[in-house]
Amino acid sequence: MRCVCLAACAAAAIGCAKGAVDTDRCGKGPACEPGFLCVAARCRQVCNSDQDCSAVDEVCRDGLCDADPNARCVSHTDCIHPGPCESFIGAVCTGGACVYLPRPEGYACDDADSCTEDDVCDDRGRCVGQPRVCADPPAGSCSGDDATYTAYPTIGVCGADGSCQYPPLIVPCPDCQASCFAACASVTCPDAHGGCQTQGVCTGVGGSGCVYVPAADGRRCDRPDSAAGAGDGVCIAGVCLACRVDADCVTPSAGQAACFAGSCAAGACSYTPLPAVGCAAAECRDGFVYAPRVCGPLGDCPLPVPAGSSCLGFACADGARCKTSCATPADCAPG
């Protein structure tokens, strides 16, 4: 049985002698570089995802980096390495490249990220998971001499191995049991300012409340008047504001975003209407061809006058055209 104990073998850096052959055990030849394994007389890089592979033309397959199978194929039988949201059933080789059929939305997959859970395929064929929430910290404690207090953040961080980590904060606290420990016994410190203040810790020093670590500037956050998970703000100096740069301003309170130019100043967005800018292409719908639309003076996208022209009883064809003849009832407009 070929060695598949990837983590153990990689740690031992067991490798290939020049010209070595694959064996039923890991072998004892001169070592490959750390992080590589001897497979089929070749040193192969160990990986968890495509990003781990240092060669630009390699992808991660079965825990080892290999040449991208989508880069070359001769027949459909070569197409046996679909992505997490692709199926090898029905795969075809076209122009030397493999084309796979997508898995349905909601199909269980693995995004190779140890810090996500409940991974499923989305409507764009991507494998996405929900971030793992670390909300079970160790209890705070006092030192043996009752002079220092060790506290842990209410919300931890997910480590590279997928485990939850709660970096401790040790603070001087005379009479720890009666002061810091008692003050923090029933206090939790969830992320604040829409996620711009993280890793909250209750120290209890001097009756203080939660101490936070500011999130990195530019991180998406939830503005105060938004629902949890909205991500409609941006962190700046630990506060969730509407914007950092003009490009963040894409949600005017009324009208269509395409009809406004957004600008950011002091963390707030302002919007200037863009009249006469195109906001909707011509389309055929319900037996009527609607003309292209342009933005109005208030940032709306009104129908032109006249709105368009009738297909005179015919149904719509592809795009913004009417059919010109009929062979079945489906070629006629409703009614």
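Numbering of residues starts from 1 in every chain and runs along the sequence as written. In view of the model being predicted, local features appear only for residues whose pLDDT reaches at least 70, and side-chain atom pairs are presented and counted only at 80 or more, with totals across whole chains, interfaces and linings using the full set of residues. Computation of side-chain values: all heavy atoms of the structure, hydrogens and water removed.

## A closer look at the overall build of the chain
Under the scheme used here, helices are H or I runs from DSSP no shorter than 4 residues and strands are E runs no shorter than 2 residues, and both carry numbers assigned from the N terminus. For the chain, the helix and strand inventory stands at two helices and 25 strands. Only protein chains enter the area calculation, which uses a 1.4 Å probe; residues under 20% of their type maximum are buried, those over 50% are exposed, and those in between are partly exposed. Expressed as a percentage of its 335 residues, the buried residues of the chain come to 29%. Accessible areas in this description were obtained via Shrake-Rupley with a 1.4 Å probe; residue shielding takes into account the shown protein chains only. Just so you have it, the chain exposes about 19600 Å², and 57% of that area is on carbon and sulfur atoms.

## Some details on the side chain of Thr-116
Locating Thr-116 in the fold gives a position in strand 7 (residues 116–121). For Thr-116, a relative accessible area of 14% corresponds to the buried category. Here a polar contact means two N or O atoms within 3.5 Å. Within protein one must be a hydrogen donor candidate and the other an acceptor candidate, and residues neighboring in sequence count only if both atoms are side-chain atoms. Side-chain polar atoms of Thr-116 contact the backbone oxygen of Asp-113, separated by 3.1 Å. Any pair of residues with heavy atoms lying within 4.5 Å of one another is described as a contacting pair. Not counting the four nearest positions on each side in its chain, Thr-116 is found in contact with Asp-111, Gly-129, Gln-130, Pro-131 and Arg-132.

## Observations concerning the pairing of strand 1 (residues 36–39)
Side chains Phe-36 and Cys-38 project from strand 1 onto one buried face, and the interleaved Leu-37 and Val-39 project onto a second face that is buried too. Think of it this way: DSSP has to see at least two bridges between two strands before they count as a pair. Bridge count for strand 1 against strand 2 (residues 42–45) is four bridges, and the pairing is antiparallel. By the bridge assignment for strand 2, Val-39 is matched with Arg-42.

## Remarks on unusual backbone geometry
You will see that Ala-112, though not glycine, has its phi angle at about 65°, which is positive. Its place among the elements puts Ala-112 in the loop between strand 6 (97–102) and strand 7. Residue classification places Ala-112 among the partly exposed positions, given a relative accessible area of 37%. Located in the positive-phi region is Leu-312, a residue other than glycine, with phi close to 55°.

## What about the pairing of strand 5 (residues 86–94)?
As defined by bridge partners, strand 5 adjoins strand 6 across five bridges and the pair is classed as antiparallel. Across the sheet, residue Glu-86 finds its bridge partner in strand 6, namely Pro-102. Counted along the chain from strand 5 to the antiparallel partner strand 6, the turn is two residues long, and its residue Gly-95 has a positive phi close to 60°.

Keep in mind these numbers describe shape, not what the thing actually does.
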